[in-house]
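# Descriptive analysis of the structure
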Amino acid sequence: QFFCVDLGGGSLAGLRDVPHVGYVAGRRDLDGIRRSVAELTTLLAEREARFRRHGVESMTDFRRLRAEYLALEPDERASHPLHGDRFGDVFLVIDGWATFRGEFEELAEKVTALTSGGLSYGIHVVVSVSRWAELRSTMKDFMGTRVELRLGDPMDSEIDRKVAALVPACRP
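Here is a short report on the structure shown in this document. (Residues numbered from 1 in each chain as written. Predicted model: local features only at pLDDT ≥ 70, side-chain atom pairs only at ≥ 80, totals over all residues. Heavy atoms only, no water.)

## Thoughts on the overall build of the chain
Defined as follows: Per the convention used, a helix needs a DSSP run of H or I reaching at least four residues, while a strand needs a run of E reaching at least two, with both numbered from the N terminus. Working definition: with a 1.4 Å probe on protein chains only, accessible area under 20% of the residue-type maximum means buried, over 50% means exposed, and in between means partly exposed. Note on contacts: a residue pair is in contact if any heavy atoms of the two residues lie within 4.5 Å. Using the Shrake-Rupley algorithm and a 1.4 Å probe, accessible areas are obtained, with residue cover drawn only from the displayed protein chains.
Looking only at helices and strands, one finds six helices and four strands in the chain. Reading the helices (α) and strands (β) of the chain from amino to carboxyl end gives β-β-α-α-β-α-α-β-α-α. Along the longest, intermediate and shortest principal axes, the C-alpha atoms of the chain span 55 × 35 × 30 Å. Put simply, the chain has 172 residues, and 35% of those count as buried. Sequence separation of at least 24 residues holds for 54% of the intrachain contacts in the chain that already meet a minimum separation of 6. Working note: accessible area of the chain is about 10300 Å², and carbon and sulfur atoms make up 52% of it.

## Some thoughts on the packing of aromatic side chains
What counts here: Centre distance within 6.5 Å is the pairing criterion for rings of Phe, Tyr and Trp, where only the six-membered ring of Trp is used; planes under 30 degrees apart are then read as stacked, over 60 as edge-to-face, and the remainder as tilted. Counting as a charge over the ring demands two things of the Lys NZ or Arg CZ atom: a distance within 6 Å of the ring centre and an angle within 35 degrees of the ring normal.
Tallying each qualifying case throughout the model produces six aromatic pairs. Measuring from ring centre to ring centre gives 4.7 Å for Phe2 and Phe91, while their planes differ by 10°; the resulting arrangement is stacked. Pair noted here: Phe2 is in strand E1 (residues 2-6) and Phe91 is in strand E3 (residues 90-95), with a separation of 89 residues, a long-range link. Given a relative accessible area of 23%, Phe91 falls into the partly exposed group. Through a chain of ring-to-ring contacts, the aromatic side chains of Phe51, Phe62 and Tyr121 assemble into a single cluster. The cationic tip of Arg35 hangs over the ring face of Tyr23; the distance from NZ or CZ to the ring centre is 5.3 Å. We note Arg146 situated over the ring of Trp132; from NZ or CZ to the ring centre the distance is 5.6 Å.

## Let's talk about the sheet that holds E3
Within a sheet, neighbouring strands are paired by backbone hydrogen bonds and run either parallel or antiparallel to one another. What counts, and what does not: For two strands to be treated as a pair, DSSP must find no fewer than two bridges joining them. Think of each axis as a best-fit line through the C-alpha atoms, taken over the contacting stretch in the case of a helix, with angles from 0 to 180 degrees between the N-to-C directions.
Strands sit in the order E2-E1-E3-E4 across an open sheet of four strands; the sheet is parallel. Pairing within the sheet leaves two strands with one partner each, and these edge strands are strand E2 (21-26) and strand E4 (123-128). Averaged over all adjacent pairs, the angle separating strand axes in this sheet is 10°, with direction ignored. Sheet strands touched by helix H1 (residues 30-54): E1, E2, E3 and E4. Its angle to E2, the strand with the most contacts, is close to 140°.

## Considering helix H4 (residues 105-117)
As a reminder of what qualifies: Expected helix span is computed as 1.5 Å times (number of residues minus one). Working definition: the arc comes from the directions between the helix axis and the C-beta atoms, pointing outward to the latter.
Compared with the 18 Å implied by 1.5 Å per residue over 13 residues, the 19 Å span of H4 between its first and last C-alpha is a close match. When we look at burial in H4, the residues that qualify are Leu107, Ala108, Val111, Leu114 and Thr115. Across the axial projection of H4, the buried residues extend over an arc of 110°, all falling on one side. Those residues of H4 that are buried lie in contact with H1, E3, helix H3 (97-103), E4 and helix H5 (137-140).

## A closer look at the nonpolar core
Note the threshold: Among buried residues, the Ala, Val, Leu, Ile, Met, Phe, Trp, Tyr and Cys ones that are joined through side-chain atoms within 4.5 Å form a nonpolar core.
Ranked by internal contacts, the top residues of the largest apolar core, which has 35 residues, are Trp97, Phe100 and Val111. Contributing elements (two or more residues each) for this core: E1, H1, helix H2 (59-71), E3, H3, H4 and E4. Ranked by residue count, the leading element in this core is H1, at six residues. Setting aside residues no more than four positions away along its own chain, Val111 makes contact with Val37, Leu92, Ile94, Trp97, Phe100, Val125 and Met139. In this structure, Cys4, Leu12, Val21 and Val24 belong to the second largest nonpolar core, which totals five residues.

## Some words on the pattern of salt bridges
Think of it this way: side chains of opposite charge can pair up when their charged atoms draw near. As a reminder of what qualifies: Any Lys or Arg side-chain nitrogen located within 4 Å of an Asp or Glu carboxyl oxygen qualifies as a salt bridge.
Considering all chains together, one arrives at nine salt bridges under this definition. Between Arg47 and Asp85 there is a salt bridge whose closest N-O contact spans 2.8 Å. Of the two residues, Arg47 is situated in helix H1 and Asp85 in the loop between H2 and E3; the sequence distance between them amounts to 38 residues. Judged by relative accessible area, which is 0%, Arg47 ranks as buried. The partner of Arg131 in a salt bridge is Asp156, with the nearest N and O atoms 3.3 Å apart.

Everything listed is a geometric property; what it means functionally is a separate question.
Next comes the structure, spelled out in C-alpha cells:
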C-alpha cells in the first residue's frame with residue numbers, strides 16, 4: 001500500500017487510481033497530508049502492540065502470518081492474530097522533503113519517527129530531496145537504501161563525486 005505526499009511538480013497525482021495506492025495528497029490537500037501521516041503513525045503503534053501480544057518477532061514472521069490470514073475463508077479470519085490489520089508492507093512517499101519539513105514541522109517529526117522505527121514493522125519511508133543536506137542526520141542514518149540521480153552539483157554526491165560529475169546534463 002502506498003500513501004503519497006506530492007509537494008513536487010504534481011507528478012504523483014497520476015497514481016491516484018492505481019490499486020495499491022491508498023492516497024495521494026497534493027500541495028493544497030492539508031487534511032490528506034495529515035491523514036496519511038496519522039494513518040501510518042497509528043499503524044506503527046498498532047503493529048508494535050500486535051507484534052508484542054502475538055509474539056511476532058520480525059517482518060518475515062508477519063509476512064508468513066499475512067499469507068496464512070489471506071488464505072483463510074473470511075469467516076475463519078476473526079481469531080487470527082492479524083485480524084484487523086488491513087495492510088502488508090506500507091510505503092509513505094514524500095516528493096519534496098524540504099518543502100514538507102518547512103511547511104509541516106510537527107508532521108516531519110512524526111515521519112522521522114516512522115523512519116527510525118517503522119521498518120521493523122513493515123512501514124517504509126521514501127523521500128525525495130534535491131541535495132543530501134536537506135536530510136537531517138537523524139533521518140539519514142535510518143535510511144538504509146539511497147538512490148542518487150543527477151545532482152545540480154556533483155560535489156553534493158554522497159555516493160561517488162567523480163561518477164556524479166560524469167552524468168550528462170540532459171539525463172536525470
